[in-house]
Amino acid sequence: MAEFTICFLKKGEQILLLNRNYPAWMGAWNGVGGKIEQDETPLAGAIREIKEETGITVEEITYKGKITWTDGVVNYGCMYAFIAELPESFTYITPIKVAEGILDWKDLTWIFHPENVGIADLKHYLPTMLNEATNYDYIFTYQDKQLVHISSTPIEQTSTV
Ligand SMILES: Nc1nc2c([nH]c(=O)n2[C@H]2C[C@H](O)[C@@H](COP(=O)(O)OP(=O)(O)OP(=O)(O)O)O2)c(=O)[nH]1
């Protein structure tokens, strides 16, 4: 099963998102991240992908839960989610065009606007990750490429990755 990371760099009320050049979510805004390499922990993979895609070295990053994709029978992949809070003094001028797409700071109100059709499926899990201390294991069930069901189970608070 392929394992990925998804990372949200937050500064105040903004998050650094990537408008993706490639699948998954090609053309949509999503967090940064990618495939976890062999013998790499999810945490190490997250720090590496953030550096590769944005050039930013994050010092503190918090594990916020795991999303597993299933067709109802087989789990075909998962992603470990992380949030890193950057200080208000942190300067990173966007937009920036990188190999993977375009990076830009986006307001939380823009990201979660009900009319926003340009974002990945983060509206289903990111609000909880931003607002709750409890982490969850999410199961996203897809049928014919449509998200048909979401379940979430609290994870032990001490759980690390
Ligand atoms: N594969 C996959 N990734 C998803 C889904 N939803 C979602 O947010 N993602 C995220 C996880 C990763 O952050 C990103 C996909 O990673 P990627 O394909 O860019 O990974 P990568 O750069 O390591 O890939 P590559 O160079 O090995 O092709 O999209 C999904 O349904 N499938």
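Residues numbered from 1 in each chain as written. Predicted model: local features only at pLDDT ≥ 70, side-chain atom pairs only at ≥ 80, totals over all residues. Heavy atoms only, no water.

Taking an unreviewed UniProt entry as the reference, the protein chain is identified by name as 8-oxo-dGTP diphosphatase belonging to Lysinibacillus fusiformis.

Looking now at the pairing of strand β9 (residues 146-154). Bridge analysis of strand β8 (residues 136-143) against β9 gives eight bridges, and the strand direction is antiparallel. Following the sheet pairing, Y142 is matched in β9 by L147. Hairpin connection between β8 and β9: a loop of two residues separates the two successive antiparallel strands, and D144 in this loop has a positive phi of roughly 50°. (Pairing = 2+ DSSP bridges. Helix = DSSP H or I, 4+ residues; strand = E, 2+ residues; numbered from the N terminus.)

Moving on, we get to the site of the ligand. Taken together, 14 residues form the shell around the ligand, and within it T5, R20, N30, K35 and W69 come nearest. Here an oxygen atom of the ligand and a backbone polar atom of T5 are 2.7 Å apart. Of all the elements, strand β1 (residues 2-11) adds the most residues to the shell around the ligand, at three residues. Of the residues belonging to the shell around the ligand, the class tally is seven nonpolar, four polar and three charged. (Near = heavy atom within 4 Å. Polar contact = N/O pair within 3.5 Å; in protein donor to acceptor, adjacent residues only side chain to side chain. Nonpolar A, V, L, I, M, F, W, Y, C, P; charged D, E, K, R; others polar.)

It is worth spelling out the packing of aromatic side chains at this point. The full count for this structure, using the stated rule, is eleven aromatic pairs. For the pair Y92 and W105, a centre-to-centre distance of 6.5 Å together with 90° between the ring planes defines the contact as edge-to-face. In this pair, Y92 is assigned in the loop between β5 (75-85) and β6 (96-98) and W105 in strand β7 (residues 101-107), connecting sequence segments 13 residues apart. We note that Y92, like W105, is buried. The structure contains a cluster of three or more aromatic residues connected by ring pairs, namely F8, Y125, Y136, Y138 and F140. (Phe/Tyr/Trp six-rings, centres within 6.5 Å; stacked < 30°, edge-to-face > 60°. Buried < 20%, exposed > 50% of the residue type's maximum accessible area, 1.4 Å probe, protein only.)

On to the environment of V117. The topology assignment puts V117 in the loop between α2 (108-111) and α3 (126-131). The exposure class of V117 is exposed, given its relative accessible area of 81%. Spatially, the C-alpha atom of V117 lies 24 Å from that of G65, the residues being 52 residues apart in sequence.

A word on helix α1 (residues 42-54). Taking 1.5 Å of rise per residue, the 13 residues of α1 would be expected to cover 18 Å, and the 18 Å separating its terminal C-alpha atoms lies within 8% of that figure. Along α1, the residues that are buried comprise P42, G45, A46, R48, E49, I50, E53 and T54. Of the surrounding elements, those touching the buried residues of α1 are β1, β2 (14-20), β5, β6 and β7. Where α1 terminates, the next one or two residues include G55, which has phi positive at roughly 85°. (Expected span 1.5 Å × (residues − 1). Contact = heavy atoms within 4.5 Å.)

Another aspect to go through is the side chain of K10. Within the secondary structure, K10 sits in strand β1. By relative accessible area, K10 is classed as buried at 11%. Here G12 takes part through its backbone oxygen, which lies 2.8 Å from a polar atom of the side chain of K10. In this view, K10 contacts I15, A84, E85, L86, W105, L108 and L130; residues no more than four positions away in its chain are not counted.

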